[in-house]
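Below, each chain spelled out in residue letters.
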Amino acid sequence: MKQSIRFSFLAIVTLVLLTSCNVFDKSYEVPGIEYIAFIADGDEKWGLISPQGEVLFSNEFSEPPSIVRNGRFFVKDDEDNLYYMYSAEQSPRKVTETGYVDVYAFINGKALVVPKNKGITLIDTEGETLATFDEIDGKEVVEGRMFDDGHIRLITDDGLQALYSPEGKQILPANYSSIGYGYGIIAASPASDKKYYDKDEFSKCTDIIMNLDGKELCRYKGKKYITCGIYDPKHLGVCRFDEEGNRLFGVITPDGEAIVEPEYPSNDYFHGLYTYEDDDKYGVKNIDGQTLIEASYDNIIIVSDYLLIVGNLDDDFNYTYKLVDINEKEISSEEFTDYKLKFDLFDGRMFVADEEGKWKLIDKDGKIVDGLPEISELAAWGRSDDLISDKFEPKKLIGKWESPVEDTNSSLGMDFKKDNSITVYIDISEEAEGVGTVVATAVLDGTYTIDEEDRTISFNLDSNSARLEDFKMEDLSDEAKEIFENDPHLKNQVKEETAKEVIAGLKAMTEKFNKPEEPLKITQVSGSQLVLDDDMTFRRKK
């Protein structure tokens with residue numbers, strides 16, 4: 001998935017604030033966490049510990065459990081690689097025998113999950129299905145995400161997005177290229193903007209700000225603002241690019257009124273405070289633009305309405321942090337190298353790690369909570385990426401698929417046929433010196449077989465079938481045209497060199513794919529996307 005500053009990649013990160021020292025946190029007020037996973041010194045397995053430092057159990061699971069809400073957590077099984085739901089008890093009980101390919105932690109008694117061989121599903125704390133999301137208006141649902149209060153964003157196989165309530169009722173149809181949500185505010189871009197969105201041409205996009213009733217509050221073009229966060233019910237984060245391509249951040253109301261025009265490279269906002277960057281250092285301003293802390297730190301994380309983590313790099317580029325208030329008064333003399341959880345998420349407490357990697361629990365007064373075991377590892381995951389449907393229908397492979405080949409102006413294509421034959425092709429577009437754009441398509445033939453149980457695909461490609469099917473030169477300069485008219489041999493030479501290059505690359509593909517003992521894993525196949533081994537993504541060719 002490409003990185004971008006669009007709303008859907010920064011502002012709707014669910015529980016990404018649980019990861020260590022992420023300076024792009026947008027600090028939603030999420031439901032409180034009852035326990036997180038830990039490993040005590042001397043143990044090899046994971047247990048659960050509360051915000052008060054009380055150990056529920058220890059040395060129990062080989063994989064780290066999810067955060068606990070509503071008395072439930074998920075943990076991955078070593079043998080089948082599926083997640084199972086457990087009750088948060090001293091002797092944890094498996095609530096249901098249903099295994100899940102992927103999950104979100106519970107939010108207000110509901111969790112978004114993907115049961116094996118099924119699509120995106122909403123369940124309750126007993127594992128009962130509340131809603132299934134297989135199709136929207138005849139379009140297949142391929143991805144799903146749960147926001148911090150339980151609202152759900154779904155993506156259909158045409159790449160468009162929809163918004164659903166925590167109960168699984170539709171709020172917005174799958175007719176938007178981007179949907180972000182928080183605090184009852186929606187930021188969405190219409191389907192017509194997808195062509196810009198896919199190319200990162202955000203200045204051409206339109207953002208529509210709405211409430212949950214669908215009432216439009218304001219809209220603006222990307223040339224003015226790009227939505228990059230819903231900070232709270234009254235404040236949206238926006239940004240724009242300056243002439244040098246730097247991203248500048250500001251704050252507006254949901255009605256579109258500017259509070260702080262995009263001025264500084266900034267990356268954190270919380271409770272009316274926001275960080276700003278000046279000369280590669282960070283400081284803090286309030287919502288009125290008043291400077292509270294001069295830009296003098298290498299990093300600042302706002303962790304409550306008056307507390308900050310400030311940090312500087314040493315000569316080895318390692319951070320040392322300390323906890324201060326908005327007046328830069330040290331709350332604790334304790335220095336630390338890492339942290340997990342902000343105070344609002346963990347009942348007013350936060351874990352910090354010392355230089356030896358040992359974790360301690362501190363409160364807002366900087367006091368260390370006594371009586372904890374020595375903790376060597378912590379994990380606080382609840383899921384931040386989209387869930388992907390696990391419905392596996394091999395028939396969806398049929399057709400032409402293409403994927404960009406990295407670092408070249410080319411694409412790798414596969415045309416799967418019903419009779420299990422396949423044509424693999426490479427399309428390239430290159431600038432030939434003094435000539436113009438050379439376009440060529442080389443192909444080779446073969447067969448494929450699918451193991452539906454293991455979800456793998458094997459290829460038998462015939463390297464001797466590699467050939468050039470299409471060759472042309474476009475955008476020829478007048479000089480090149482004259483040269484070729486006078487010397488047809490030169491044109492043939494260019495064609496021959498290009499053909500050799502493309503076919504050689506295509507033959508190399510046979511070595512990559514022709515490994516029957518190492519079939520490629522099909523990690524996703526939908527109406528629009530095919531993913532092999534998690535790193536080869538194909539789109540259906542239009």
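Before reading further, recall that the structure is shown in the block above.
Cut-off values and rules
- Residues numbered from 1 in each chain as written.
- Predicted model: local features only at pLDDT ≥ 70, side-chain atom pairs only at ≥ 80, totals over all residues.
- Heavy atoms only, no water.
- Helix = DSSP H or I, 4+ residues; strand = E, 2+ residues; numbered from the N terminus.
- Salt bridge = Lys/Arg side-chain N within 4 Å of Asp/Glu carboxyl O.
- Buried < 20%, exposed > 50% of the residue type's maximum accessible area, 1.4 Å probe, protein only.
- Phe/Tyr/Trp six-rings, centres within 6.5 Å; stacked < 30°, edge-to-face > 60°.
- Lys NZ or Arg CZ within 6 Å of the ring centre and 35° of its normal.

### Some remarks on unusual backbone geometry
Phase 1 of the analysis: Non-glycine residue Asn59 carries a positive phi angle of around 55°.
Phase 2 of the analysis: Structurally, Asn59 can be placed in strand β3 (residues 55-61).
Phase 3 of the analysis: Phi is positive for Asp533, close to 50°, though the residue is something other than glycine.
Phase 4 of the analysis: Within the fold, Asp533 resides in the loop between β41 (529-532) and β42 (536-540).

### Concerning the pattern of salt bridges
Phase 1 of the analysis: Following the criterion strictly, the structure yields 25 salt bridges and no others.
Phase 2 of the analysis: For Glu330, the salt bridge identified is with Lys322, shortest N-O distance 3.3 Å.
Phase 3 of the analysis: Under the relative-accessibility criterion, Lys322 is labelled partly exposed at 25%.
Phase 4 of the analysis: Taking the shortest distance from any N to any O, the salt bridge between Asp427 and Lys541 comes out at 3.6 Å. With Asp427 in strand β36 (residues 421-432) and Lys541 in the segment after β42, this residue pair connects regions lying 114 residues apart in the sequence.
Phase 5 of the analysis: With a relative accessible area of 33%, Lys541 lands in the partly exposed category.
Phase 6 of the analysis: In the salt-bridge network here, residues are joined through shared partners; they are Glu140, Glu393, Lys395 and Lys396.

### Description of the packing of aromatic side chains
Phase 1 of the analysis: Counted according to the given criterion, the structure contains 18 aromatic pairs.
Phase 2 of the analysis: Ring geometry for Phe133 against Tyr164: centres 5.3 Å apart, planes inclined by 70°, an arrangement best described as edge-to-face. With Phe133 in strand β9 (residues 129-133) and Tyr164 in strand β13 (residues 161-164), the pair connects residues that are 31 residues apart, well separated along the chain.
Phase 3 of the analysis: Residue classification places Tyr164 among the buried residues on the basis of a relative accessible area of 9%.
Phase 4 of the analysis: Pairing Phe459 with Phe513 gives two aromatic rings, centres 5.2 Å apart and planes at 50°, and the pair type is tilted. Placement of the pair is Phe459 in strand β38 (residues 456-461) and Phe513 in helix α4 (residues 488-513), with a sequence separation of 54 residues. The residues Phe459 and Phe513 share a single accessibility class, namely buried.
Phase 5 of the analysis: One aromatic cluster in this structure is built from Phe57, Phe61, Phe73 and Tyr86.
Phase 6 of the analysis: Lying over the aromatic face of Tyr84, Lys94 brings its terminal NZ or CZ to 4.3 Å of the ring centre.

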